Protein chains: 4
Amino acid sequence: MGEVALSNGQSHSLNGYRKSCWYEEEIEDNLRWCFALNSILHTGASQYQDIALLDTKPFGKALVIDGKLQSAETDEFIYHECLVHPPLLHHPNPKNVFIMGGGEGSTARELLRHNTIDQVIMCDIDEEVVDFCKSYLVANWEAFCDPRLKVIINDARAELESREERYDVIVGDLADPIDGGPCYKLYTKSFYEFTVKPRLKEGGIFVTQAGPAGIFSHTEVFSSIYNTLRQVFKYVVAYSAHIPSYADIWGWVMASDSPLELNAEEIDVRVRQRIKGENRYLDGKTFSSASTLSKVVRNSLDNETHVYTEEAARFIHGHGKHA
Amino acid sequence: MGEVALSNGQSHSLNGYRKSCWYEEEIEDNLRWCFALNSILHTGASQYQDIALLDTKPFGKALVIDGKLQSAETDEFIYHECLVHPPLLHHPNPKNVFIMGGGEGSTARELLRHNTIDQVIMCDIDEEVVDFCKSYLVANWEAFCDPRLKVIINDARAELESREERYDVIVGDLADPIDGGPCYKLYTKSFYEFTVKPRLKEGGIFVTQAGPAGIFSHTEVFSSIYNTLRQVFKYVVAYSAHIPSYADIWGWVMASDSPLELNAEEIDVRVRQRIKGENRYLDGKTFSSASTLSKVVRNSLDNETHVYTEEAARFIHGHGKHA
Amino acid sequence: MGEVALSNGQSHSLNGYRKSCWYEEEIEDNLRWCFALNSILHTGASQYQDIALLDTKPFGKALVIDGKLQSAETDEFIYHECLVHPPLLHHPNPKNVFIMGGGEGSTARELLRHNTIDQVIMCDIDEEVVDFCKSYLVANWEAFCDPRLKVIINDARAELESREERYDVIVGDLADPIDGGPCYKLYTKSFYEFTVKPRLKEGGIFVTQAGPAGIFSHTEVFSSIYNTLRQVFKYVVAYSAHIPSYADIWGWVMASDSPLELNAEEIDVRVRQRIKGENRYLDGKTFSSASTLSKVVRNSLDNETHVYTEEAARFIHGHGKHA
Amino acid sequence: MGEVALSNGQSHSLNGYRKSCWYEEEIEDNLRWCFALNSILHTGASQYQDIALLDTKPFGKALVIDGKLQSAETDEFIYHECLVHPPLLHHPNPKNVFIMGGGEGSTARELLRHNTIDQVIMCDIDEEVVDFCKSYLVANWEAFCDPRLKVIINDARAELESREERYDVIVGDLADPIDGGPCYKLYTKSFYEFTVKPRLKEGGIFVTQAGPAGIFSHTEVFSSIYNTLRQVFKYVVAYSAHIPSYADIWGWVMASDSPLELNAEEIDVRVRQRIKGENRYLDGKTFSSASTLSKVVRNSLDNETHVYTEEAARFIHGHGKHA
């Protein structure tokens, strides 16, 4: 509610109230991140998870699933632009895209800004999350109503395996691999090799969110996901960006059997040609910086030997993107 | 929202979500008291203060004004029964009562349970608080609609001074004396002597909430209020009770020029004769225990020399009852 | 460290620092109690539990075991005076006492203030806790060095069963019954009947701490312990007091086959005759108030039907006294 | 203390204790960042500020001044390598350096790793901070004992103005400009023009820490400092890096009247030639990425018009480096 206009024409600070209610998240066991709350807008629960939409003071409306921040109004554009635009821009002419997860709708929203796109399939397992986001996330209403978007409620693996169609781009917008969660199976070498890759067209690109990518946190899953994709695809590019509401750097990896080489100027040209509206985060130089990892992270990724399999998974504490 | 019924018939624990949102209050500078939140039900602001109604997990719905807990659904009955029933029961036949403050409505609710009562005047300065409570505090709807209740929006002192009527009981249900707040003037010797006492009928009783009364906290204002009233009235009785949501013992003082002497059995008889419904907190033995203060507190009150005047006020950190 | 004297003669507020470090305890799942910290004085671990001595701003030095506050410098006298003095004062001439638990040393300290006492046996299972407290709790050094005190490291039940000696008073200064903890077996009817009672002399008195006794919390274990003792002893008295650092009312129960009847004046006489130094908490009126329970608690205790057995135990969330 | 070896050979988790004590910092009014504590190692106070050395679980030993984290053991290398190495590597042959502030000693430590360095002057106003850090920060003992380091206790401006000597590099390792603090005067155009620049040798380089540089936080002071230096020097380079313990991206600006142009390979060559030991954070590609700012930040800096003067200062909420 922010400032309140009073009858005497003054605005009122509401200080007492504002700082009394807090959202608190354990980033790790020993690390907490707390946002002052304006209100708890909606709460709900699905067969799979608990859902809440909070109005936070530092980051606006925040979608929280199972006690973990998924995305916040003020900075979700960073995550979603980084997930979507690099693979689409590196592709010569992306027409159809399959999103694994993505129920929040923001990934679809960014995809649908590309004027080359004919069809977006969003396949999320949790209908209640999709319905919740469709109802409450105003910024994604236009995307949810776009005729090019088809929403399917199913397990992404089962859906991909049941389809004959191939895609220009497949997007992994899944929860982080968490112990006990179902999603870690969608980060394995065999899944990439036998399920994802066969569903890409010639020249197709796969991209996935890849967990925290900070100087300490990148060894949780980012380096493994990078190395696992390196076993399956010829060209693999890892990149990262700071997301303030996550209190960390976040990582993504894109992979293809065709080269992924565009310089900053070429990216800027394609942004102008293909994307409707102005990007808030990504341009050529930004991607150039984002894909030039710092020394420690670069060396870790180069030297990583762990390959994700169902038998040898790695898990993270519980940040995270889930949709 | 508590348990959520899911389509598969199971109820769901919502653990992650439930412990993410907290109400936090600084009882003192160095002491915090935090309640897990279900939701933030309503927020508002008046000319004087910010108001919020929170749904807390440990104490139910909680009214918070300027960042301070005023009263919580699960235990406000302790505060309000202690404020109202001792003076009314000690009075031979209380017919009309004047409440200074009390906008929450709970004090009126308890008064109106007495079958001797003809008229209750509630005089609160803050119309928005009164309207907010009237809208949202379901437990007080019956009281707000009782024809014996008259609500007046005014400063209690100005109102009392402007009236010629006298009362059997006057109830001080005011905010604690806080530095910079207006209420501390309503705790002074001159106010008691020249404003309150002249408006009591023969045999009339004055009662006031008197702030925290714990073994350490009672010297903040409780002992002063007791001693100040002792300067003005012949008979003064202090008593206290633990209010879980306040994380402290709370105090009240009643005063009269007529003796305040009832034993536990006499109290129980009058409770049965006069009060509609069953008291949840107060009975004869409870009052007997409540008015037998522990050694430290009793000695402090006996030996207190401070008298409240506008020039020599004492303030508390900021618990507290306000309405 | 409190105020710091600076070279320029001013004292310095240290505000920034003071409020940065906090001790946080979950009183219940949904309720937290937080103290600003001056420092973490000592930490250690035994075979059984983790131990820490913190210097807190609101309550002075605080002993914390397994993340639960055990006792705080500024108000432990309330707990220990309530545990020790009522049974000793009700006994005509208490000479020897057996403490189950009590490793902190404060219970022994209060016992040894009685001039009738010849011998105190303190039997605690955890040698490291005893050594830790002996080293760091300055207030108990005199007691630990008193020749009348004998410290035994053993399980209290095994020790009592192995002894032929009988005692005037047996004191249960044990951890609350917590699920998975060993202590709950020392709250059962069979333990009281077959282990404790046979070790009391004619006219002997048993007393035990009995967990939280607040208007909501007393049903966790207080009422059960009361009812269980009522099955074994002819005379049983429950009483309670507010302990600020526990954020709750606490309960104790004393039991005997001889009547436990002293009025306030008789208690005051015995306090003067028998106890060295001045009590800070307990006197006749205080005990009279403490043993007159409020309506809800009194009715719960009267109507309690649960009897503690090893098969039908009740547990509390985790406040608590442990030594 | 980490794991505790017990007599029975098991190590003990100490979970209860570990998560009970927290360091809490308000990054902004509505945003908190909390570290679990192992212990509070040392506390002290100077004429100017309060100092504490904490042992935190997520970030090791942490220096806190006036309730603000200054530097943490596990990641201070990022801040100090970014502050020191870019300007020294861009200089053809840096021999003498003047540090404004820097009392922690880490800036001097990084400078002294360069084999071209003959002399480092560290000028900090607060002797107690310097002494505190010299005593407790083991990682800087070697630097504090290096004969090339001269520590002066004085106001940096007064000291610089009193000297005739000129320097190859001047380093601003000062507290962020905070309202009411003294340091903001050391970020003004007139200070840079009339105090700093005259004390640089031909080809000399000035570098300063420049506050938070995140996508939202860079407008607090980073863009202003950049623009202010642009008014005074011909060549100005801004760069940034994520510092996990600060929960944000941090910024630095270096400035000179000689070109600041080295590509990644040239930087790597100079790192190998000049710096003793291995850098943990900075190499050529890292600097290349760090100095390629993301779209929003780059545009803000390009378009910034605010110039720091004593009359028109900007302040930040209170992160921050101070020494």
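Looking up chain A in an unreviewed UniProt entry gives the name thermospermine synthase, with the organism given as Stylosanthes scabra. What the UniProt record of chain A gives under Sequence similarities (unreviewed entry) is the line "Belongs to the spermidine/spermine synthase family." In the Catalytic activity (unreviewed entry) part of its UniProt record, chain A is described as follows: "S-adenosyl 3-(methylsulfanyl)propylamine + spermidine = thermospermine + S-methyl-5'-thioadenosine + H(+)".

Sorry, what's going on with the UniProt feature "active site" (unreviewed entry) in chain A here?
Residue and element names in this part refer to chain A. Mapped onto the present numbering, the UniProt feature "active site" (unreviewed entry) falls on Asp-173. With respect to the helices and strands, Asp-173 occurs in strand β11 (residues 167–173). There is a polar contact of 2.8 Å between the side chain of Asp-173 and the side chain of Tyr-79.

Help me understand the relation of the copies chain C and chain B in this model?
One copy of the chain maps onto the second through a rotation around an axis plus a translation along that axis. When chain C is fitted onto chain B, the two copies agree to an RMSD of 0.0 Å after a turn of 180 degrees and an axial shift of 0.0 Å. In symmetry terms, the pair is related by a two-fold rotation axis. Most of the interface of chain C is mirrored in chain B, where 98% of its interface residues are also at the interface.

Hey, could you run me through the pattern of salt bridges in this one?
Pairs can form between side chains of opposite charge once their charged atoms are near each other. Tallying each qualifying case throughout the model produces 64 salt bridges over all chains. We note a salt bridge from D:Arg163 to D:Glu159, for which the minimum N-O separation is 2.8 Å. Across the pair, D:Glu159 and D:Arg163 agree in class, each one buried. By sharing partners, the salt bridges in this structure join A:Glu24, A:Glu26, A:Arg32, C:Glu24, C:Glu26 and C:Arg32 into a single network.

Help me out: how do you make sense of the side chain of A:Thr228 in this one?
By the secondary structure assignment, A:Thr228 is in helix α8 (residues 222–230). The contact partners of A:Thr228, leaving out residues within four places of it in the chain, are A:Tyr187, A:Thr188, A:Lys189, A:Tyr192, A:His306, A:Val307 and A:Tyr308.

Help me out: how do you make sense of helix α4 (residues 127–136) of chain D in this one?
Along an α-helix, a turn takes 3.6 residues, which lines up residues three or four apart on a common side. Residues and elements named next belong to chain D. Listed in full, the buried residues belonging to α4 are Val-129, Val-130, Phe-132 and Cys-133. Across the axial projection of α4, the buried residues extend over an arc of 165 degrees, all falling on one side. Of the surrounding secondary structure, the elements contacted by the buried residues of α4 are β4 (31–45), β5 (50–56), β6 (60–65), β9 (119–124), α5 (141–144) and β10 (149–153). Two to three positions downstream of the cap, the backbone nitrogen of Glu-128 sits 3.1 Å from a side-chain oxygen, assigning the N-cap of α4 to Asp-126.

Whenever I open this one, the interface of chain C and chain B confuses me. Can you help?
Note on interface size: it is often stated as the accessible area lost on association of the parts. Facing 41 residues of chain C, the contacting portion of chain B comprises 40 residues. Between chain C and chain B the total buried area reaches about 3,500 Å² when both faces are included, carbon and sulfur atoms providing 62% of it. Area buried by chain C at its contact with chain B is led by C:Asn30, C:Arg32 and C:Lys295, which between them contribute 18% of it. Seen at the junction of chain C and chain B, the total is 4 salt bridges. Seen at the junction of chain C and chain B, the total is 17 residue pairs in polar contact (both at pLDDT 80 or more). Secondary structure elements with two or more residues in the side of chain C that touches chain B: β3 (21–28), β4 (31–45), α2 (76–90), β14 (248–256), α10 (284–290) and α11 (295–303) of chain C. In terms of residue count, the dominant contributor to the side of chain C that touches chain B is β4(C) (6 residues). Judged from the 5 bridges that link them, strand β4 (residues 31–45) of chain B and β4(C) form a sheet pairing that is antiparallel. Considered in β4(C), the bridge of B:Cys34 is made with C:Arg32.

Quick question: what am I supposed to make of the sheet that holds strand β14 (residues 248–256) of chain A here?
Strands in a sheet are paired, the pairing made by backbone hydrogen bonds, and the direction either parallel or antiparallel. All names here are of chain A. Taken together, 7 strands build an open sheet; the order of strands is β10-β9-β8-β11-β12-β14-β13 and the sheet is mixed. Strand pairing shows two members of the sheet lacking a second neighbour, β10 (149–153) and β13 (235–243), which therefore form its edges. For this sheet the average axis-to-axis angle between neighbouring strands, irrespective of direction, equals 15 degrees. Here β11 runs beside strand β12 (residues 200–212); their pairing, made up of 5 bridges, is parallel. The residue bridging Gly-172 from the neighbouring strand is Thr-208, located in β12. Across the sheet, helix α7 (residues 189–196) is in contact with β8 (96–101), β11 and β12; its angle to β12 comes to roughly 155 degrees.

Explain helix α11 (residues 295–303) of chain D here, please?
When α11(D) is considered as a whole, its buried residues turn out to be D:Lys295, D:Val297, D:Arg298 and D:Leu301. If you follow the buried residues of α11(D), they end up packed against α10 (284–290) of chain A together with α8 (222–230) and β13 (235–243) of chain D.

How should I be thinking about the side chain of B:Thr208 in this particular structure?
All names here are of chain B. Residue position: Thr-208 is located in strand β12 (residues 200–212). Among the polar contacts made by the side chain of Thr-208, one reaches the main-chain carbonyl oxygen of Gly-172 at a distance of 3.4 Å. For Thr-208, the residues in contact, after removing those within four places along its chain, are Leu-83, Gly-172, Tyr-187, Tyr-192, Ile-225, Leu-229, Trp-252 and Val-253.

Looking at this structure, how should I read the packing of helix α8 (residues 222–230) of chain C against α11(C)?
Two quantities define a packed helix pair, namely the angle between the helix axes and the distance between the axes. All names here are of chain C. At a closest axis distance of 8 Å, the pairing of α8 and α11 adopts a crossing angle of 45 degrees. Judged by the angle between their axes, α8 and α11 are oblique. When the axes of α8 and α11 are compared, the crossing they make is right-handed. Across the interface between the two elements, Phe-222, Ser-223, Tyr-226 and Arg-230 from α8 touch Val-297, Ser-300, Leu-301 and Asp-302 from α11. Each residue belonging to the contact of α8 with α11 can be placed in one class, and the counts come to 4 nonpolar, 2 polar and 2 charged.

Would you mind showing me how to read the sheet that holds β13(D) here?
Residues and elements named next belong to chain D. If you trace the 7 strands from one edge of the open sheet to the other, you get β10-β9-β8-β11-β12-β14-β13, paired in mixed fashion. Edge positions in the sheet fall to β10 and β13, since each of these pairs with one other strand and no more. Each neighbouring strand pair of the sheet contributes to a mean axis angle of 15 degrees, computed without reference to strand direction.

Would you explain the pairing of strand β11 (residues 167–173) of chain C in this entry?
Regular strands place side chains that alternate from one sheet face to the opposite one. Residue and element names in this part refer to chain C. Counting buried positions over the 7 residues of β11 gives 7, a clear majority of the element. Inspection of the sheet shows strand β8 (residues 96–101) paired to β11 by 5 bridges, in the parallel sense. Residue Ile-99 lies in a different strand from β11, and its bridge partner there is Val-171.

Is there a simple way to explain unusual backbone geometry in this structure?
For residues that are not glycine, phi is negative in most cases, and the peptide bond is trans in most cases. Located in the positive-phi region is A:Asp66, a residue other than glycine, with phi close to 50 degrees. Note that A:Asp66 resides in the loop between β6 (60–65) and β7 (68–72). Unlike most non-glycine residues, C:Ala247 shows phi in positive territory, near 55 degrees. C:Ala247 gets classed as buried once you look at its relative accessible area, which sits at 6%.

Quick notes on the rules
Residues numbered from 1 in each chain as written. Chains lettered and ligands numbered in written order. Predicted model: local features only at pLDDT ≥ 70, side-chain atom pairs only at ≥ 80, totals over all residues. Heavy atoms only, no water. UniProt positions renumbered as here; feature names shortened; annotations may be inferred. Helix = DSSP H or I, 4+ residues; strand = E, 2+ residues; numbered from the N terminus. Polar contact = N/O pair within 3.5 Å; in protein donor to acceptor, adjacent residues only side chain to side chain. Least-squares fit on C-alpha atoms with pLDDT ≥ 70 in both. Contact = heavy atoms within 4.5 Å. Salt bridge = Lys/Arg side-chain N within 4 Å of Asp/Glu carboxyl O. Buried < 20%, exposed > 50% of the residue type's maximum accessible area, 1.4 Å probe, protein only. Arc of directions from axis to C-beta. Buried area = accessible area lost by both parts, 1.4 Å probe. Pairing = 2+ DSSP bridges. Axes fitted to C-alpha atoms, helices over the stretch in contact; angles between N-to-C directions. Parallel < 35°, antiparallel > 145°, perpendicular 65-115°, else oblique. Left-handed = near helix turned anticlockwise from the far one by under 90°. Nonpolar A, V, L, I, M, F, W, Y, C, P; charged D, E, K, R; others polar.

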